[in-house]
Amino acid sequence: MKIDLEDIPGLEHFFSDPPKWKVKTCCLGGAGNLVLKKLDLWRNDPEMEEEYGQIIANIVVTACSEKIESDTPFVKKNRNPENGEVYEFRAFNENTERAGKARVLFFYDEDDENLIICTNTFEKGQGDQNMSFSQCAQLKQRYFQQRR
């Protein structure tokens, strides 16, 4: 199944200068873009709207920064070595210094594109977080196989 890359609509309006990393979401050949669907749900849900804004803000900050090498309150690297270098954007409230439920998983493509590729989402307390990281790792592997 082919992986296509898509922009996050409206994200470009948050950058005053071109970011260091381009941000894309991955879409599995005709299956729809699950990341964009979940972001849209969060944006339109009064209970998740603030977390949606935090996720978008963290994507923007990360896109303008050097590659994340260690955990921050906003981005965490997966600790399971079987999954390799995959990460999660976390909804994080600076006022309360607490992470919310919303997560968007991603990996870097450093080769020649300087991409951050968002693969799937997760809500803390719902489902298996390690399985979400594993899904991200599988999509990363498929993406790089496709690029060859």
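Let me begin by describing the structure that accompanies this report. These numbers come from a predicted model, not from an experiment. (Residues numbered from 1 in each chain as written. Predicted model: local features only at pLDDT ≥ 70, side-chain atom pairs only at ≥ 80, totals over all residues. Heavy atoms only, no water.)

## Description of the overall build of the protein
Here is step 1: Along the protein, the regular secondary structure elements total three helices and six strands.
Here is step 2: Helices and strands appear in the protein in the N-to-C order β-β-α-α-β-β-β-β-α.
Here is step 3: Relative to the 2.2 N^0.38 estimate, which gives 15 Å for 148 residues, the radius of gyration of the protein is 14 Å and therefore close to what a compact globule would have.
Here is step 4: Overall, the C-alpha framework of the protein stretches about 45 × 35 × 30 Å when taken along its three principal axes.
Here is step 5: Relative to its 148 residues, the protein shows a buried fraction of 43%.
Here is step 6: Of the contacts formed within the protein by residues at least 6 apart in sequence, a portion of 56% connects residues at least 24 apart.
Here is step 7: The distance from the centre of the 20 positive side-chain charges to the centre of the 26 negative ones in the protein is 4 Å. (Helix = DSSP H or I, 4+ residues; strand = E, 2+ residues; numbered from the N terminus. Rg over C-alpha atoms; globule rule 2.2 N^0.38 Å. Buried < 20%, exposed > 50% of the residue type's maximum accessible area, 1.4 Å probe, protein only. Contact = heavy atoms within 4.5 Å. Lys, Arg positive; Asp, Glu negative; His and termini not counted. Charge placed at Lys NZ, Arg CZ, Asp CG, Glu CD.)

## A word on the side chain of asparagine 33
Here is step 1: Mapped onto the elements, asparagine 33 comes out in the loop between β2 (22-28) and α1 (34-44).
Here is step 2: Only 3.5 Å separates the side chain of asparagine 33 from the side chain of glutamate 6, close enough to count as a polar contact.
Here is step 3: The residues contacting asparagine 33, other than those within four sequence positions of it, are Glu6, Thr25, Cys26 and Cys27. (Polar contact = N/O pair within 3.5 Å; in protein donor to acceptor, adjacent residues only side chain to side chain.)

## Description of the packing of α1 against helix α2 (residues 49-63)
Here is step 1: One way to put it is that α1 packs onto α2 with a least axis distance of 6 Å and a crossing angle of 130 degrees. The pairing of α1 with α2 is recorded here as oblique in orientation. Note on packing geometry: the crossing formed by α1 with α2 is left-handed. Side by side, α1 and α2 meet where Leu39, Trp42 and Arg43 of the first sit next to Glu49, Tyr52 and Ile55 of the second.
Here is step 2: Class assignment for the residues of the contact of α1 with α2 results in four nonpolar, no polar and two charged. (Axes fitted to C-alpha atoms, helices over the stretch in contact; angles between N-to-C directions. Parallel < 35°, antiparallel > 145°, perpendicular 65-115°, else oblique. Left-handed = near helix turned anticlockwise from the far one by under 90°. Nonpolar A, V, L, I, M, F, W, Y, C, P; charged D, E, K, R; others polar.)

## A closer look at the pattern of salt bridges
Here is step 1: In the structure shown here, the tally under the stated rule is 10 salt bridges.
Here is step 2: Measuring nitrogen to oxygen at the nearest pair gives 2.2 Å for the salt bridge that ties arginine 43 to aspartate 40. Of this pair, arginine 43 and aspartate 40 both sit in helix α1, three residues apart, which is roughly one turn of that helix.
Here is step 3: Under the relative-accessibility criterion, aspartate 40 is labelled partly exposed at 35%.
Here is step 4: Three or more residues are tied together by salt bridges with common partners; here these are Lys67, Glu85 and Glu110. (Salt bridge = Lys/Arg side-chain N within 4 Å of Asp/Glu carboxyl O.)

## Observations regarding the pairing of strand β4 (residues 87-93)
A regular strand places its side chains on the two faces of the sheet in alternate fashion.
Here is step 1: Burial of β4 is extensive: seven of the seven residues sit out of reach of the surface.
Here is step 2: Side-chain alternation along β4 places Tyr87, Phe89, Ala91 and Asn93 on one buried face and Glu88, Arg90 and Phe92 on a second face that is also buried.
Here is step 3: Sheet topology places strand β3 (residues 75-77) next to β4; three bridges connect them, and they run antiparallel. The residue of β4 that forms the bridge with valine 75 is phenylalanine 89.
Here is step 4: Examined bridge by bridge, β4 and strand β5 (residues 98-109) share six bridges and lie antiparallel to one another. Along β5, the bridge assignment pairs phenylalanine 92 with alanine 99.
Here is step 5: Where β4 hands over to β5, the hairpin turn is made up of four residues, of which glutamate 97 adopts a positive phi near 55 degrees. (Pairing = 2+ DSSP bridges.)

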